[in-house]
Amino acid sequence: MDLKEKLVSSFLAFENNVDLDTQIHDIRNEAIKTFEEKGFPSKKEEAWKYTSLNRILKEDYSVFPKHENTIDYKDVKKYFIHDIDSYKVIFIDGKYSSYLSETTHDGIDVCLMSAALTKPKYRLVIENYFNKAATKDSLPSLNTAFSQEGAYIHIPKNKLVSKPIQIIHFSTGSEAATLSQPRNLIVVDENSHVQIIERHQSLTDNPVLTNSVTEIFANKRAIVDYYKIQNDNSNASLIDNTFIKQKRESVASVHTFSFGGKLIRNNLNFYQNGERIDSILKGVTIIGEKQHVDHNTLVHHIEPNCESHQDYKGIFGDSSTGVFNGKIIVDKEAQKTNAFQSNNNILVSDKATINSKPQLEIFADDVKCSHGCTIGQLDESAMFYMQSRGIPEKEAKALLMYAFSNNVLSSVKIPEMKQRITKIIANKLGVNIGFDL
Amino acid sequence: MLKINNLHASVEDKGILKGINLEVKAGEVHAIMGPNGSGKSTLASVIAGKEEYEVTDGNIIFEGEDIEELAAEERAHKGVFLSFQYPVEIPGVSVTNFIKTAINESRKAKGLGDMPAKDMLKLIREKADLLEMDRKFLSRSLNEGFSGGEKKRNEIFQMAMLEPKLAILDETDSGLDIDALRIVANGVNKLKSKDNAVVVITHYQRLLDYIVPDFVHVLYNGKIVKSGGKELAHELEEKGYDWIKEEVNA
């Protein structure tokens, strides 16, 4: 039985095990039908031309965790940004871990999707927001069909949330292969500000496939800063589907740091429903071996006087492959749009590949849109210059690569987070230098 | 300190250096002059260890050791410094962080720990003052958007920080106005001692009014064709290089 059949046939059993809230029940049923019709995307689809899921779909994934697993904090502390005070919503093999978490209902709700989907007090929010941003594509639909657990964050208006929120999904590898489908919902009301850090981490080398959906709603004047750390083990793959709906004068940023994992596909979608919105999409990808990272972005400018800024840097070594597909749609009504997109890549090895494809669909006539894409190699003359000053080749390379990514890193607003990313980069490049540029 | 014997070097199979012999002792200043394309910058790059150049014959002995097989950074750790004719722009790496990394990597190679941050800062300030550099300069990206003069001043600043045994200044005077030239030359002179040596590569005699050489060599067509004292530089300034070419070709 292939994975699709297995999932479709598991659906009934899944539904029997969860509380049947009628509305969610209908949404799930609809979604499984959509997934059944569409199946997993193949390379024949334009949006998946450069990313094949074949090599990760052939595993015999266990769809539901059979038993609850526990892990000690000291064993996983390094995956937390632990030197800051933060809220934490932590999952182990898809199940909420209360002892690793620190949730709150004090003025804001930082808690669980499973609670939000079943308790009456969240009913209205779920009705208004759940599955209202996610598309009907096959993978988000698959997630919707099985959506049960994840982080639920609701920030009412005029709240400045001083502590960042960390969402971490751990896979213990207790099964030979695990499929995980977390579902996050984040609603930030008028004039509020929140910072969120998301990470998926497997703790063994057993294959893990995560098909995650995060819906974010940034209401009027809200500020949402979202950071994704993708530095998983070499048999862990991630399909990240993130949908962000913005209302007027809101600012939403997503930074995606992709260093680890087997295959990563980021479907990052911004929809601007209002004027004077700013959307910021940034990413640093540093990979090697046979790793594959695909950034598929969409910014849909629907109303006038809005901005979007995209800046993705990629460094590809060994036989790694990268994809950047950045789509910007400017509707006819969206006059005075400023949309910028830049994708710069360095190929460190002869066998590495990057496919970079800007896609601009502009229907308004008074806009500023620009895109730029570069693919190059490390500057040999810069290398000699640095080496002639006593900086060894490996360190010189690392310094150049770090400098190359620095534009993206410098906009990270949490200093401890920036330090952590810097450390991960130094680790990845096998050097022990400070990079305090 | 430096002994070059019958050095032949080529790039992409094209022979550029065709038998250079040169000896530089501690405490000396040597000037290497010559017309464009004679191999001056190649000589500098070969000594510093640029990989593009292939040494096809002869050797380079530095402090009694053949350095031919050493990587550029290893030569730097032994005390070789090259001031670039065209310093490379490195966006995103500040002057301070660059020199800090360079110093600490050199210390690491010598088995020493990182220089304490306080000492580093003090040293950086002291050397920046020596080169009359604006402090703001130190937090800017390395050479990015620097004027020609600023780039050269930054080269000598790095030299001052690294305190090499052998400093090769490749066309350090090009692009410098008279004030910058004076500051740069003054910096070099202050760093000079009986224990180190300077090789000045230049097309013109102008810099040699400030950094006075003990020996002047004329490089032409990949060979040193004439050597003399500082008066040779004046002669070249006055008469140009044609008479040298004629002498060689005769």
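About the cut-offs
Residues numbered from 1 in each chain as written. Chains lettered and ligands numbered in written order. Predicted model: local features only at pLDDT ≥ 70, side-chain atom pairs only at ≥ 80, totals over all residues. Heavy atoms only, no water. Helix = DSSP H or I, 4+ residues; strand = E, 2+ residues; numbered from the N terminus. Rg over C-alpha atoms; globule rule 2.2 N^0.38 Å. Buried < 20%, exposed > 50% of the residue type's maximum accessible area, 1.4 Å probe, protein only. Contact = heavy atoms within 4.5 Å. Areas by Shrake-Rupley, 256 points an atom, 1.4 Å probe, with all protein chains shown as cover. Lys, Arg positive; Asp, Glu negative; His and termini not counted. Charge placed at Lys NZ, Arg CZ, Asp CG, Glu CD. Buried area = accessible area lost by both parts, 1.4 Å probe. Salt bridge = Lys/Arg side-chain N within 4 Å of Asp/Glu carboxyl O. Polar contact = N/O pair within 3.5 Å; in protein donor to acceptor, adjacent residues only side chain to side chain. Nonpolar A, V, L, I, M, F, W, Y, C, P; charged D, E, K, R; others polar. Pairing = 2+ DSSP bridges. Axes fitted to C-alpha atoms, helices over the stretch in contact; angles between N-to-C directions. UniProt positions renumbered as here; feature names shortened; annotations may be inferred.

Caption draft 1: The arrangement of the overall build of chain A in detail. Of the regular secondary structure elements, chain A holds 10 helices and 20 strands. Whereas a compact globule of 437 residues would reach a radius of gyration of roughly 22 Å, chain A reaches 21 Å, a difference of no more than 12%. Dimensions of chain A along its principal axes, counting C-alpha atoms only, are 70 × 55 × 45 Å. Counting all 437 residues of chain A, 61% fall into the buried class. Here the contacts in chain A between residues at least 6 apart in sequence split such that 83% fall between residues at least 24 apart. Summed over its atoms, the accessible surface of chain A is roughly 17300 Å², and 46% of this surface lies on carbon and sulfur atoms. Averaging the coordinates of the 52 positive side-chain charges in chain A and doing the same for the 55 negative ones gives two points 2 Å apart.

Caption draft 2: Expanded view of the interface of chain B and chain A. Counting residues at the interface gives 33 residues for chain B and 23 residues for chain A. With both sides pooled, the region where chain B packs onto chain A buries about 2100 Å², and carbon together with sulfur makes up 64% of that total. Summed over the shared surface of chain B and chain A, the result is 1 salt bridge. With a closest N to O distance of 2.8 Å, Glu 155 of chain B and Arg 389 of chain A form a salt bridge. The tally of links between chain B and chain A comes to 9 residue pairs in polar contact (both at pLDDT 80 or more). If you list the elements that add at least two residues to the side of chain B that touches chain A, you get α1 (40-48), α2 (72-78), β6 (80-83), β7 (90-94), α3 (95-109) and α5 (148-162) of chain B. Looking at the side of chain B that touches chain A residue by residue, the class counts come to 16 nonpolar, 11 polar and 6 charged.

Caption draft 3: View of the sheet that holds strand β20 (residues 368-376) of chain A. Residue and element names in this part refer to chain A. Taken together, the 10 strands give an open sheet; going across it, the order is β2-β1-β5-β8-β10-β12-β14-β16-β18-β20, and neighbouring strands pair in mixed fashion. Two strands close off the open sheet at either side, each with one partner strand: β2 (95-96) and β20. Judged from the 6 bridges that link them, strand β1 (residues 87-92) and strand β5 (residues 165-171) form a sheet pairing that is parallel. Counted as the bridge partner of Val 89 is Ile 167 from β5. The strands that helix α10 (residues 415-428) touches are β8 (193-202), β10 (223-230), β12 (251-258) and β14 (278-287); relative to β10, the one it contacts most, it runs at about 25 degrees.

Caption draft 4: Seen up close, the UniProt feature "domain: SUF system FeS cluster assembly SufBD core" (unreviewed entry) in chain A. Per the UniProt annotation, the sites labelled "domain: SUF system FeS cluster assembly SufBD core" (unreviewed entry) are residues 175-404 of chain A. Note that residues 175-404 of chain A is 9% helix and 60% strand, and that its end C-alpha atoms are spaced 40 Å apart.

Caption draft 5: Inspection of the environment of Pro 358 of chain A at higher detail. Relative to the elements of secondary structure, Pro 358 of chain A occurs in strand β19 (residues 353-362). The residues contacting Pro 358 of chain A, other than those within four sequence positions of it, are Gly 326, Gln 341 and His 371 of chain A.

Caption draft 6: Looking closely at the pattern of salt bridges. Residue and element names in this part refer to chain A. Across all of its chains, the model carries 32 salt bridges over all chains by this definition. Between Glu 15 and Arg 28 there is a salt bridge, with the nearest N and O atoms lying 3.9 Å from each other. Here the residue Glu 15 occupies a position in helix α1 (residues 3-17), and Arg 28 occupies one in helix α2 (residues 22-38), the gap between them amounting to 13 residues. Comparing Glu 15 with Arg 28 shows no difference in burial state: the two are buried. We note a salt bridge from Lys 327 to Glu 361, for which the minimum N-O separation is 3.9 Å.

Caption draft 7: Highlighting the UniProt feature "domain: ABC transporter" (unreviewed entry) in chain B. The sites that UniProt annotates as "domain: ABC transporter" (unreviewed entry) are residues 2-246 of chain B. A helix fraction of 36% and a strand fraction of 29% characterise residues 2-246 of chain B, whose end C-alpha atoms lie 30 Å from each other.

Caption draft 8: Layout of unusual backbone geometry. One non-glycine residue, Asp 318 of chain A, lies in the positive phi region at around 45 degrees. Taking relative accessible area as the criterion, Asp 318 of chain A reaches 44% and is therefore assigned partly exposed. For Asn 221 of chain B, which is not glycine, the phi dihedral falls at a positive 55 degrees. One can find Asn 221 of chain B in the loop between β11 (215-220) and β12 (223-228).

Caption draft 9: Region of the structure containing α1 of chain B. Residue and element names in this part refer to chain B. Burial analysis of α1 places 8 of its 9 residues in the buried class, the great majority of the element. Every buried residue belonging to α1 is among Lys 40, Thr 42, Leu 43, Ala 44, Ser 45, Val 46, Ile 47 and Ala 48, and all of these are buried. Positive phi appears at Gly 49, one or two residues downstream of α1, with a value of about 100 degrees.

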